[in-house]
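# Tertiary structure, described
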Amino acid sequence: MRAMVLRRIGEPLVLEQRPDPVPGPGQVRVRVEACAVCRTDLHVVDGELPNQRLPIVPGHEIVGRVDALGDGVTSLRIGQRVGGAWLGHTCGHCSYCASDQVNLCDEPIFTGYQRDGGFASHVILDADFALPLEGFADPVATAPLMCAGLIGWRTLRMAGEGKRIGLYGFGAAAHILAQVCVWQGREIYAFSRAGDHAAQALARSLGAVWVGASV
């Protein structure tokens, strides 16, 4: 396999040739088709997160095809398109995992930060955290949904059935969520930094009914 590796904080990633990884029990190997770049990847490269593993392959907005199954995996099949996200593993026994709030797990492992991520030709994912992507034809367009899309969708679900949605900061998550809301028939009110005319123009182009500064 090939991988772009962060060997030292603040330095450019280095291309490495590595043996193909072998999935363990409950894991799958994925042949990467696309991996988007998230702002968190830049935090990793700049060393702005604690307890970071080095060397590390960044990248957590992953789309690819399953090409090897670890022992015990029956939920996925060879050739199936799946996605990999920031949350790559949870402990399964803390109070949050027991109450189906795995995003708050006490002992999580994050993709591209504590385990190798998707800036590579292949990546190992826990089968339970490999998201089936049937019907998503374009890997490049789909990859941002694995982080910005997930964040926005979870937030929208928590907002309930409100018809007027305010989005504070119009970046990666908001520009995806705005399109979903417009498709659902909701009104979007987009708040950006004062003077951020590019973000405001993007919000208008995506159907926001009001655009303005947050302060």
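Above this note sits the structure.
Residues numbered from 1 in each chain as written. Predicted model: local features only at pLDDT ≥ 70, side-chain atom pairs only at ≥ 80, totals over all residues. Heavy atoms only, no water.

In this section: the packing of helix α4 (residues 148–159) against helix α5 (residues 172–183). For the pair α4 and α5, the least separation of the axes is 8 Å and the interaxial angle reads 55 degrees. Between α4 and α5, the crossing angle belongs to the class labelled oblique. Seen along the crossing, α4 lies across α5 with a hand that is right-handed. When α4 is examined against α5, the residues A148, G149, G152, W153 and L156 are found in contact with a partner set consisting of A172, A173, I176, L177, V180 and C181. (Axes fitted to C-alpha atoms, helices over the stretch in contact; angles between N-to-C directions. Helix = DSSP H or I, 4+ residues; strand = E, 2+ residues; numbered from the N terminus. Parallel < 35°, antiparallel > 145°, perpendicular 65-115°, else oblique. Left-handed = near helix turned anticlockwise from the far one by under 90°. Contact = heavy atoms within 4.5 Å.)

Trans peptide bonds make up the majority, and among non-glycine residues the majority have a negative phi. The omega torsion of the bond from L54 to P55 falls at -5 degrees, within 30 degrees of zero and hence cis. Position of P55 among the secondary structure elements: in the loop between α1 (39–45) and β4 (61–69). Phi angles above zero are rare outside glycine, and N51 is one such case at about 55 degrees. Here N51 lies in the loop between α1 and β4.

Residue placement: D126 occurs in strand β8 (residues 122–126). The buried category is assigned to D126, whose relative accessible area is 10%. Those residues in contact with D126 that lie beyond four places of it in its chain are G26, Q27, G88, H89 and R115. (Buried < 20%, exposed > 50% of the residue type's maximum accessible area, 1.4 Å probe, protein only.)

With antiparallel pairing, 5 strands are arranged side by side in an open sheet as β8-β3-β4-β5-β9. Edge positions in the sheet fall to β8 and β9 (131–132), since each of these pairs with one other strand and no more. (Pairing = 2+ DSSP bridges.)

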